[in-house]
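Below, each chain spelled out in residue letters.
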There are 2 protein chains.
Amino acid sequence: MKEKATSFDIAHRAGVSQSTVSRALNNSPLVSKETRDRIVEIARELNYQVDKNASNLRKQKSNTLALLLFEDPTTDDSLINPFFLSMLGSITRASASQGYDLLVSFQNMQSDWHAEYEDSNKADGIILLGYGDYSAYRSKLDQLEEQGTHFVRWGAQDKAHPGVNIGCDNYQGGFDVTNHLIGLGYTSFAFIGDNSEDAPEFRARYQGFADALDKQGLSGESQRQINAHSTEPSGYAAMKAMLNDATLPRAVVCASDLIAVGVYDALREANLRVPEDVAVVGYDNIPISGYTTPALTTVRQNTTKAGELLVDTLIKAINKEVVEDYLMPAELIVRRSCGAQ
Amino acid sequence: MKEKATSFDIAHRAGVSQSTVSRALNNSPLVSKETRDRIVEIARELNYQVDKNASNLRKQKSNTLALLLFEDPTTDDSLINPFFLSMLGSITRASASQGYDLLVSFQNMQSDWHAEYEDSNKADGIILLGYGDYSAYRSKLDQLEEQGTHFVRWGAQDKAHPGVNIGCDNYQGGFDVTNHLIGLGYTSFAFIGDNSEDAPEFRARYQGFADALDKQGLSGESQRQINAHSTEPSGYAAMKAMLNDATLPRAVVCASDLIAVGVYDALREANLRVPEDVAVVGYDNIPISGYTTPALTTVRQNTTKAGELLVDTLIKAINKEVVEDYLMPAELIVRRSCGAQ
């Protein structure tokens, strides 16, 4: 059997370097139209296999997905929130498994990313990964839609915004973990985490929390909410503030595991034990949550599955298949901090 | 003062869409040479600011760095090793801080990544992040060098290989953590981790371990080494095997934190306490190492600094500045598992 023609064969025949062949088949502007046409013709004659390059040429595809992270890369500790880091890892892997490279870019709302990614042809589609509040850049999403750019968002489901959304059921997660605490017999509760329109994911968790208490007639005096964003210091500060209040809640529902770790620190300082004095639960199931003392009861958002869903949905959209929103179920992970074990 | 000319002004003057202007200034093959020349001319007349696009046009730069991860993306648990995940996060952030996007691609030794990244013009330079064993693709590194591709490697320093190397001093880390255990009075030791040429980083840690013992006349019978790769199950299996041996080492030096976590599990099963029965130390300082029970004494490779060094060095190389190898010091992190506290 004859061996397959390679780009070196084409180069030899065309009297150019292999680099030029590869550039030409990649549609590089560095190669003149005449040379490109000649190379494409020779490739055809040699029955050069339609490989990734040739396929790119035909479909004008980059075989790259863009991941836009809406987080400030220059903040204090130069650490990425562990939940986002886990998503970054799973999206990277899921892209690779499907034969796509991943172009990762930090963005802010001000920049013209919507235009840039349309024009640059650097990626076949976009994954938006932010804090779930897309209202502020609604107009840019509209523009993406108008441009015909394929994109998929991670976050809270919101029919008012264009684009396909993959998310995890934050309301159900907040409801289930609170219901679990109610089942253990606790009667006074607090929720630590933002409850504003700017943080729709935290807000949905809070709504689940509040509704679970309502259902059991435990709202009102037995329920408090204090703002915190998703960091240990913020959780620590919120718990410290609560410790100065008149009465201590018997169970604290945190909007994230990082908040819960800060809450642990504040309780330890006050010589209060988890769960004997105060039960604590978190949200996210970040890696350390299984190793804290006590191990943290939390709600898992399956980041592996989330990454696969985002990538698969986007690739389907790129291939003109019909795609729709998907809401992953939240999964209660019972460990020691709730007092169940 | 007159307002700056925008791409919309150019589009209006040229009688084309703004997308076409942007494509033209991005050197897109979708725009004919005639149109591009006309647009570039109008941009010049309007004194259109040399922004990112124009600058790309002039320098043929993509403002993108490529990160090639040499790990199989399709393995079992679809998790990235936490050390690599941390590096991925810090390289992403460091790139963003410098105004670069990051193109992440899983690679294997067989594929023609060296040629593809040269030809595709997708990135201005390459960061190679693997398990430190570059011998197997030595010829591809040579080719990168010949092509004039800018690249920087993470891993064990090795003057025999082309390219600039950023790494952390594995020998010193292995030496220091072992010396610390000797200082605590232990006299029998084991090392768990590969000690082959295929794993030069683990091997350097082992050499540091062995030399520290030699210096104190503790080599020979007091020293064992058993292979394991960097996973919990592998560490668990290695410790199980050691438990079946005649004598138990008093202190176990693990080549990674993941191995140490597996060792903890095997010791717990055997009703042996850390550090009272067996002292255990790890390597990497992954996030969970501060939360295990007991907290793990380990050696920190500063991933934040590593990411910054890789990105800064690569950008310097792209800008034709002189760059050289850099070996970061390893940093001993003393916690409870060694018995010091």
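Residues numbered from 1 in each chain as written. Chains lettered and ligands numbered in written order. Predicted model: local features only at pLDDT ≥ 70, side-chain atom pairs only at ≥ 80, totals over all residues. Heavy atoms only, no water.

The name given to chain A in an unreviewed UniProt entry is LacI family transcriptional regulator, with Salinimonas iocasae as the source organism.

On to the overall build of chain A. Assigned secondary structure in chain A consists of 12 helices and 12 strands. In chain A, 73% of the contacts between residues at least 6 apart in sequence involve partners at least 24 apart. (Helix = DSSP H or I, 4+ residues; strand = E, 2+ residues; numbered from the N terminus. Contact = heavy atoms within 4.5 Å.)

Okay, the packing of helix H10 (residues 232-243) of chain B against helix H11 (residues 257-269) of chain B next. Packed helices, taken two at a time, are described by the angle between their axes plus the distance between the axes. Residues and elements named next belong to chain B. Between H10 and H11, whose axes approach to 6 Å, the crossing angle comes to 45°. Classified by the interaxial angle, the pair formed by H10 and H11 is oblique. Viewed along their axes, H10 and H11 form a crossing whose handedness is right-handed. Side by side, H10 and H11 meet where Glu232, Gly235, Tyr236, Met239, Lys240 and Leu243 of the first sit next to Leu258, Ile259, Val261, Gly262, Val263, Asp265, Ala266, Leu267 and Glu269 of the second. Here the contact of H10 with H11 is composed, by residue class, of 9 nonpolar, 2 polar and 4 charged. (Axes fitted to C-alpha atoms, helices over the stretch in contact; angles between N-to-C directions. Parallel < 35°, antiparallel > 145°, perpendicular 65-115°, else oblique. Left-handed = near helix turned anticlockwise from the far one by under 90°. Nonpolar A, V, L, I, M, F, W, Y, C, P; charged D, E, K, R; others polar.)

Right, let's talk about the sheet that holds strand E11 (residues 326-328) of chain B for a bit. As a general point, the strands of a sheet are linked pairwise by backbone hydrogen bonds and lie either parallel or antiparallel. In space, the 12 strands of this open sheet follow the order E11(A)-E5(A)-E4(A)-E3(A)-E1(A)-E2(A)-E2(B)-E1(B)-E3(B)-E4(B)-E5(B)-E11(B), with mixed pairing throughout. Two strands close off the open sheet at either side, each with one partner strand: strand E11 (326-328) of chain A together with E11 of chain B. Mean inter-strand twist for the sheet, computed between neighbouring axes without regard to direction, equals 20°. As judged from the 6 bridges shared by strand E1 (residues 64-69) of chain B and strand E2 (residues 101-106) of chain B, these two strands associate in the parallel manner. Paired with Leu67(B) across the two strands is Val104(B), which belongs to E2(B). (Pairing = 2+ DSSP bridges.)

As a further point, take the packing of aromatic side chains. All names here are of chain A. The final tally for this structure, using the stated rule, is 12 aromatic pairs over all chains. Ring plane angle 70° and centroid distance 5.2 Å describe the contact between Phe191 and Tyr206, whose orientation is recorded as edge-to-face. Within this pair, whereas Phe191 is found in strand E6 (residues 189-192), its partner Tyr206 is found in helix H9 (residues 200-215), the two being separated by 15 residues in sequence. Here the two residues Phe191 and Tyr206 agree in accessibility, since each one is buried. Put simply, the rings of Phe83, Phe84 and Trp154 touch in pairs and so form one group of aromatic residues. Its end group placed over the ring of Tyr283, Arg205 keeps NZ or CZ at 3.9 Å from the ring centre. (Phe/Tyr/Trp six-rings, centres within 6.5 Å; stacked < 30°, edge-to-face > 60°. Buried < 20%, exposed > 50% of the residue type's maximum accessible area, 1.4 Å probe, protein only. Lys NZ or Arg CZ within 6 Å of the ring centre and 35° of its normal.)

Turning to the packing of helix H8 (residues 170-183) of chain B against helix H9 (residues 200-215) of chain B, a few remarks are in order. All names here are of chain B. Here H8 crosses H9 at 40°, and the two axes come no closer than 7 Å. Between H8 and H9, the crossing angle belongs to the class labelled oblique. The element H8 and its partner H9 pack so that their crossing is right-handed. Across the interface between the two elements, Asn170, Tyr171, Gly174, Phe175, Thr178, Asn179 and Ile182 of H8 pack against Glu201, Ala204, Arg205, Gln207, Gly208, Phe209, Asp211, Ala212, Leu213 and Lys215 of H9. A per-class count over the contact of H8 with H9 returns 7 nonpolar, 6 polar and 4 charged.

It is worth spelling out the sheet that holds strand E9 (residues 279-281) of chain B at this point. All names here are of chain B. In spatial order, the strands read E7-E6-E8-E9; together these 4 strands make up an open sheet with parallel pairing. Strands with a single pairing partner mark the edges of an open sheet, and in this sheet they are strand E7 (223-226) and E9. The average angle at which neighbouring strand axes cross in this sheet is 15°, direction not considered. In this sheet, E9 lies alongside strand E8 (residues 251-254) in parallel orientation, the contact comprising 3 bridges. Residue pairing for E9: Val253 is matched across the bridge by Val281. Packed onto the sheet, H11 meets strand E6 (189-192), E8 and E9 and runs at close to 160° relative to E9.

Our focus in this paragraph is the pairing of strand E2 (residues 101-106) of chain A. Burial analysis of E2(A) places 6 of its 6 residues in the buried class, which makes it a mostly covered element. Across the two faces of E2(A) the burial is the same, with Asp101(A), Leu103(A) and Ser105(A) and Leu102(A), Val104(A) and Phe106(A) all buried.

Residues and elements named next belong to chain B. For the structure shown, the criterion picks out 14 salt bridges over all chains. Note that Arg44 is salt-bridged to Glu41, the shortest N-O span being 3.4 Å. Taken together, the residues span about one helical turn, with Arg44 and Glu41 both in helix H3 (residues 33-45) at a distance of 3 residues. (Salt bridge = Lys/Arg side-chain N within 4 Å of Asp/Glu carboxyl O.)

All names here are of chain A. Position of Asn170 among the secondary structure elements: in helix H8 (residues 170-183). Residue classification places Asn170 among the buried positions, given a relative accessible area of 4%. At 2.8 Å, the side chain of Asn170 and the side chain of Arg205 are in polar contact. Apart from the residues lying within four places of it in its own chain, the contact partners of Asn170 are Glu201, Ala204, Arg205, Tyr283 and Gln301. (Polar contact = N/O pair within 3.5 Å; in protein donor to acceptor, adjacent residues only side chain to side chain.)

Mapped onto the fold, Asp101(B) is located in strand E2. At a separation of 2.6 Å, a polar atom in the side chain of Asp101(B) contacts the side chain of Ser105(A).

Residue and element names in this part refer to chain A. Its 13 residues give helix H11 (residues 257-269) an end-to-end C-alpha distance of 19 Å, which sits within 8% of 18 Å, the value for a rise of 1.5 Å per residue. Burial of H11 is extensive: 10 of the 13 residues sit out of reach of the surface. Of the residues making up H11, those classed as buried are Asp257, Leu258, Ile259, Ala260, Val261, Gly262, Val263, Tyr264, Ala266 and Leu267. Looking one or two places after H11, you find Asn271, whose phi comes out positive at around 55°. (Expected span 1.5 Å × (residues − 1).)

As a further point, take unusual backbone geometry. Residues and elements named next belong to chain A. A cis amide bond links Thr293 with the next residue in sequence, Pro294, at an omega value of -10°. Mapped onto the elements of the fold, Pro294 is located in the loop between strand E9 (279-281) and strand E10 (298-300). In this structure, Asn285 takes a positive phi of about 55° despite not being glycine. With respect to the helices and strands, Asn285 occurs in the loop between E9 and E10.

On to the nonpolar core. Ranked by internal contacts, the top residues of the largest apolar core, which has 144 residues, are Val280(A) and Val280(B). Those residues within four positions of Val280(A) in sequence are excluded, and the remaining contacts are Val252(A), Cys254(A), Ala260(A), Val263(A), Tyr264(A), Leu267(A), Val274(A), Leu296(A), Thr297(A), Ser337(A) and Cys338(A). (Core = buried A, V, L, I, M, F, W, Y, C linked by side-chain atoms within 4.5 Å.)

Okay, the pairing of strand E4 (residues 151-154) of chain A next. Residues and elements named next belong to chain A. Going residue by residue along E4, you find Phe151 and Arg153 tucked away on one face and Val152 and Trp154 tucked away on the opposite face as well. Pairing of strand E3 (residues 125-129) with E4 involves 4 bridges; the strand directions are parallel. Within E4, the position partnered with Ile126 by the bridge is Phe151.

What follows covers the confidence of the model for chain A. Reading fine detail from the predicted coordinates is not recommended where pLDDT is low. Scored by pLDDT, chain A has a mean of 84; 83% of the residues are at 70 or more. Low confidence marks residues 50-59 of chain A, where pLDDT is under 50. Its contacts with residues over four positions away, or in another chain, come to 16 contacts. (pLDDT = per-residue confidence, 0-100.)

Residues and elements named next belong to chain A. By the secondary structure assignment, Gln301 is in the loop between E10 and helix H12 (303-318). Relative accessible area serves as the criterion here: at 3%, Gln301 is assigned to the buried category. For the pair formed by Gln301 and Asn170, sequence separation is 131 residues and the distance between their alpha carbons is 9.0 Å. Gln301 has contacts with Phe83, Trp154, Cys168, Asn170, Arg205, Tyr283 and Asp284, leaving out every residue within four places of it along the chain. Of the polar contacts made by the side chain of Gln301, one reaches the side chain of Asp284; its length is 2.9 Å.

This paragraph deals with the environment of Leu248(B). Within the element layout of this structure, Leu248(B) appears in the loop between H10 and E8. Beyond its immediate stretch of four places on either side in the chain, Leu248(B) contacts Ser188(B), Arg224(B), Met239(B), Leu243(B), Leu272(B) and Val278(B).

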